[in-house]
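Tertiary structure, described
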Amino acid sequence: MGNLTITVKTLFGLEEVLLAEIKALGYTDAIALNRAVQLEGTWKDVYRLNFLCRMAISVLVKVADFYIKEEKDLYEKAKQIDWTSYFDVSKTFAVKGAVFSNLFQHTMYPYLVVKDAIADVFRDKTGERPNVNVANPQVLVDVYIQEKKVVISLNTSGMPLFQ
């Protein structure tokens, strides 16, 4: 598989510490973002970062990014993702994230929309829907919305790494 966009999340103020830690691991092209460090890598790098980063909260792998004009666009775009290539119907999943957008009246609503899109992709392709398990999902999908820009990722860490 080709290069992945990997986002390693951290607490506010620890971005530079995490960046130094990741650069010390040999990832010289990593850049600091708000509460995160981003780099390109492979699935091997994802596992390595989960195992070795002490300043990380979670390691995300970008699945898709796109712009939306209105609420309903989120479902349509999320439904275009082939979720069956990331996990199978026997796995439980949950959708979490962060929403900073005036398009949505309630910040939890986009998670429900993406959850429905994922379930519908599975139903259309396999005739079955995976179960949602908010407390302890086997697959955690991260949705980040900043106004009209949406980034959907797989959270490869599950629970925050400090736990």
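Attention in this report is confined to the structure presented alongside it. (Residues numbered from 1 in each chain as written. Predicted model: local features only at pLDDT ≥ 70, side-chain atom pairs only at ≥ 80, totals over all residues. Heavy atoms only, no water.)

Turning to the overall build of the chain, a few remarks are in order. Broken down by element type, the chain carries four helices and seven strands. Listing each helix as α and each strand as β along the chain from the N terminus yields β-α-β-β-α-β-α-β-α-β-β. Taken against the 2.2 N^0.38 rule, which gives 15 Å for 163 residues, the C-alpha radius of gyration of the chain at 16 Å falls within 12% of a compact globule. Looking at the chain as a whole, 42% of its 163 residues qualify as buried. Residue pairs in contact within the chain that sit at least 24 positions apart in sequence constitute 72% of those at least 6 positions apart. In the form shown here, the chain has an accessible surface area of approximately 9,200 Å², with 53% of it arising from carbon and sulfur atoms. Separation between the mean location of the 19 positive side-chain charges and that of the 19 negative ones in the chain comes to 1 Å. (Helix = DSSP H or I, 4+ residues; strand = E, 2+ residues; numbered from the N terminus. Rg over C-alpha atoms; globule rule 2.2 N^0.38 Å. Buried < 20%, exposed > 50% of the residue type's maximum accessible area, 1.4 Å probe, protein only. Contact = heavy atoms within 4.5 Å. Areas by Shrake-Rupley, 256 points an atom, 1.4 Å probe, with all protein chains shown as cover. Lys, Arg positive; Asp, Glu negative; His and termini not counted. Charge placed at Lys NZ, Arg CZ, Asp CG, Glu CD.)

Moving on to the pairing of strand β5 (residues 93-100). The side chains of a regular strand alternate between the sheet's two faces. Here β5 pairs with strand β6 (residues 139-146) via eight bridges, running parallel. Across the sheet, the residue bridging to V99 is I145, located in β6. Remark: the β5/helix α4 (residues 109-126)/β6 crossover connection has left-handed handedness. (Pairing = 2+ DSSP bridges. Right-handed = clockwise from strand over helix to strand, strands pointing away.)

Moving on, we come to helix α2 (residues 43-52). Listed as buried for α2 are D45, V46, L49 and N50. Mapping the buried residues of α2 onto a view down its axis gives an arc of 135°, with all of them on the same face. For α2, the exposed residues lying more than 90 degrees away from the buried face are K44, Y47 and F51. Where α2 is buried, its residues contact β1 (4-9), α1 (15-24), β3 (36-41) and β4 (58-67). (Arc of directions from axis to C-beta.)

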